[in-house]
Amino acid sequence: MGKDVIVACDFASAGAVYAFLDRFPAGEKPFVKIGMELYYAEGPAIVREIKKRGHRIFLDLKLHDIPNTVKKAMAVLSNLDVDLVNLHAAGTRAMMEAALEGLTRPDGTRPLLIAVTQLTSTDQESLERELLIREPMEQVVLHYAAAAKAAGLDGVVCSPLEAAAVHERCGRDFLTVTPGVRFAEGDRGDQKRVMTPAQARQAGSDYIVVGRPITAAADPAAAYRRCVEEFLN
Ligand code: C5P
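All of these numbers come straight from a predicted model, not from anything done at the bench. (Residues numbered from 1 in each chain as written. Predicted model: local features only at pLDDT ≥ 70, side-chain atom pairs only at ≥ 80, totals over all residues. Heavy atoms only, no water.)

*Asks:* What should I look at first to understand the pattern of salt bridges in this one?
*Replies:* Should their charged atoms come close, side chains of opposite charge can pair. Scanning the entire structure with this criterion turns up 18 salt bridges. Here E101 makes a salt bridge to K71, at a shortest N to O gap of 3.0 Å. With a gap of 30 residues between them, E101 in helix α5 (residues 92-103) and K71 in helix α4 (residues 67-79) connect regions that are remote in the sequence. With a relative accessible area of 31%, K71 lands in the partly exposed category. A cluster of three or more residues bridged by salt bridges with shared partners is formed by D22, E49, K52 and R53. (Salt bridge = Lys/Arg side-chain N within 4 Å of Asp/Glu carboxyl O. Helix = DSSP H or I, 4+ residues; strand = E, 2+ residues; numbered from the N terminus. Buried < 20%, exposed > 50% of the residue type's maximum accessible area, 1.4 Å probe, protein only.)

Printed below as a string of structure tokens:
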């Protein structure tokens with residue numbers, strides 16, 4: 001899979017997400033992200049339906065449990081024929097390896113698997129005081145990325161600001177999937193550290209995850225095309 005724009009479909013119901021996807025012409029099928037809110041509201045049926053409509057799917061459920069449980073859950077998600085799934089690297093290497101086993105289908109194919117290193121909502125202070133991790137955040141992120149790579153995963157979710165360092169540590173082929181993208185003149189919303197699609201490309205992001213700049217646009221298809229244009233060209 002090459003570089004692409006993934007549209008974060010952060011909607012609360014199937015009706016809302018279909019209304020959004022129906023605003024694209026029949027032949028245009030963006031890669032979409034389905035997160036916990038929509039998945040927990042609508043269940044696996046929403047994944048099957050969006051897949052049937054011809055979209056590639058990043059199922060963003062961030063699994064984190066004992067290895068055996070994650071392995072079995074990943075086998076279920078793999079059967080849904082999603083393209084990309086994720087987990088928390090904090091679950092340890094054994095959990096990540098079990099996840100890969102669970103994802104791998106009898107024919108040897110599997111969805112791509114990426115890891116969350118540290119959530120961007122965790123800051124240095126909570127890292128130290130609550131999680132008792134004393135190292136600087138960037139070192140922690142790179143260490144977790146290296147652990148994901150060692151376990152055989154395909155990449156990490158990270159800020160576009162971290163993409164270059166992750167590639168330096170883990171190699172150019174190790175995927176960086178980066179949220180926190182805004183158009184130059186756009187509203188940042190609650191995102192604090194943002195990059196434009198062109199800056200994310202320059203920083204080395206492989207996939208950008210873009211929500212509100214597309215979902216809340218007056219013309220979502222036009223906003224999506226602009227994003228693709230800026231990111232890929
Ligand atoms: O609307 P917006 O473009 O901010 O959406 C970004 C998407 O990426 C959301 O689904 C958000 O949950 C997700 N995300 C993020 N920052 C992270 C991890 C995921 O914004 N560190």
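*Asks:* So what exactly am I meant to see when it comes to the nonpolar core here?
*Replies:* Side chains that are nonpolar tend, in soluble globular proteins, to be buried together. Of all hydrophobic cores here, the largest spans 63 residues; its most connected members are L59, M74 and L87. Considering every element that reaches this core, the biggest residue donor is helix α7 (residues 137-151), with eight residues. Aside from chain neighbours lying at most four places away, what touches L87 is K62, L63, M74, M95, M96, A99, L113, I114, A115, V116 and L153. Within the second largest apolar cluster, 13 residues are counted, among which are I6, V116, L175 and V209. (Core = buried A, V, L, I, M, F, W, Y, C linked by side-chain atoms within 4.5 Å. Contact = heavy atoms within 4.5 Å.)

*Asks:* Hey, could you run me through the sheet that holds strand β8 (residues 207-210) in this one?
*Replies:* Across a sheet, strands are paired by hydrogen bonds formed along the backbone, either parallel or antiparallel in direction. As summarised here, the arrangement of the eight strands in space is β1-β2-β3-β4-β5-β6-β7-β8, forming a closed barrel in which the pairing is parallel. On average, each strand axis in the sheet is tilted by 25° relative to the strand beside it, whichever way the strands run. Relative to β8, strand β1 (residues 4-8) runs parallel, the two being bridged by four bridges. Considered in β8, the bridge of V5 is made with I208. Each of β2 (31-35) and β3 (57-63) touches helix α3 (residues 44-52); the most contacted strand, β3, lies at about 155° to it. (Pairing = 2+ DSSP bridges. Axes fitted to C-alpha atoms, helices over the stretch in contact; angles between N-to-C directions.)

*Asks:* Honestly, the packing of aromatic side chains in this entry has me stumped. Any pointers?
*Replies:* How two aromatic rings sit relative to each other is given by the distance of their centres and the angle of their planes. Under the definition given, this model contains five aromatic pairs. Ring geometry for F11 and F20: centres 5.2 Å apart, planes at 40°, overall tilted. Judged on exposure class, the residue F11 and its partner F20 are both buried. Look at F20 and F24: their rings are 5.5 Å apart centre to centre, the planes differ by 80°, and that puts the pair in the edge-to-face class. (Phe/Tyr/Trp six-rings, centres within 6.5 Å; stacked < 30°, edge-to-face > 60°.)

*Asks:* Looking at this model, I keep getting lost on the site of the ligand. Mind explaining?
*Replies:* Near the ligand you find A8, D10, K33, T120, P179, R182, Q191, V209, V210, G211, R212 and P213, and these make up its full shell. Contact between the ligand and D10: an oxygen atom at 2.7 Å from a side-chain N or O atom of the residue. Side-chain polar atom of Q191 to an oxygen atom of the ligand: 2.8 Å apart, as the coordinates give it. Burial of the ligand by the protein amounts to 79% of the accessible area it has alone, namely 470 Å². Secondary-structure elements contributing two or more residues to the shell around the ligand are β8 and α10 (212-215). Its residues assigned to classes, the shell around the ligand shows five nonpolar, three polar and four charged. (Near = heavy atom within 4 Å. Polar contact = N/O pair within 3.5 Å; in protein donor to acceptor, adjacent residues only side chain to side chain. Areas by Shrake-Rupley, 256 points an atom, 1.4 Å probe, with all protein chains shown as cover. Nonpolar A, V, L, I, M, F, W, Y, C, P; charged D, E, K, R; others polar.)

*Asks:* Sorry, what's going on with the packing of α5 against α7 here?
*Replies:* Angle between the axes and distance between the axes: these two values describe a pair of packed helices. With their axes 9 Å apart at the nearest point, α5 and α7 run at an angle of 45° to one another. With respect to α7, the element α5 is oriented oblique. As α5 runs across α7, the sense of the crossing is right-handed. In contact with R93, M96, E97 and L100 of α5, α7 contributes A147, A148, A150 and A151. (Parallel < 35°, antiparallel > 145°, perpendicular 65-115°, else oblique. Left-handed = near helix turned anticlockwise from the far one by under 90°.)

*Asks:* I'm lost on helix α11 (residues 220-232) in this one. Help?
*Replies:* An α-helix turns once per 3.6 residues; consequently, residues spaced three or four apart project the same way. The end-to-end C-alpha distance of α11, which contains 13 residues, comes to 18 Å, matching closely the 18 Å that a straight helix rising 1.5 Å per residue would cover. Lining the buried residues of α11 we find β1, α1 (14-21), α9 (197-203), β8 and α10. (Expected span 1.5 Å × (residues − 1).)

The values reported here are purely geometric and, on their own, carry no functional implication.
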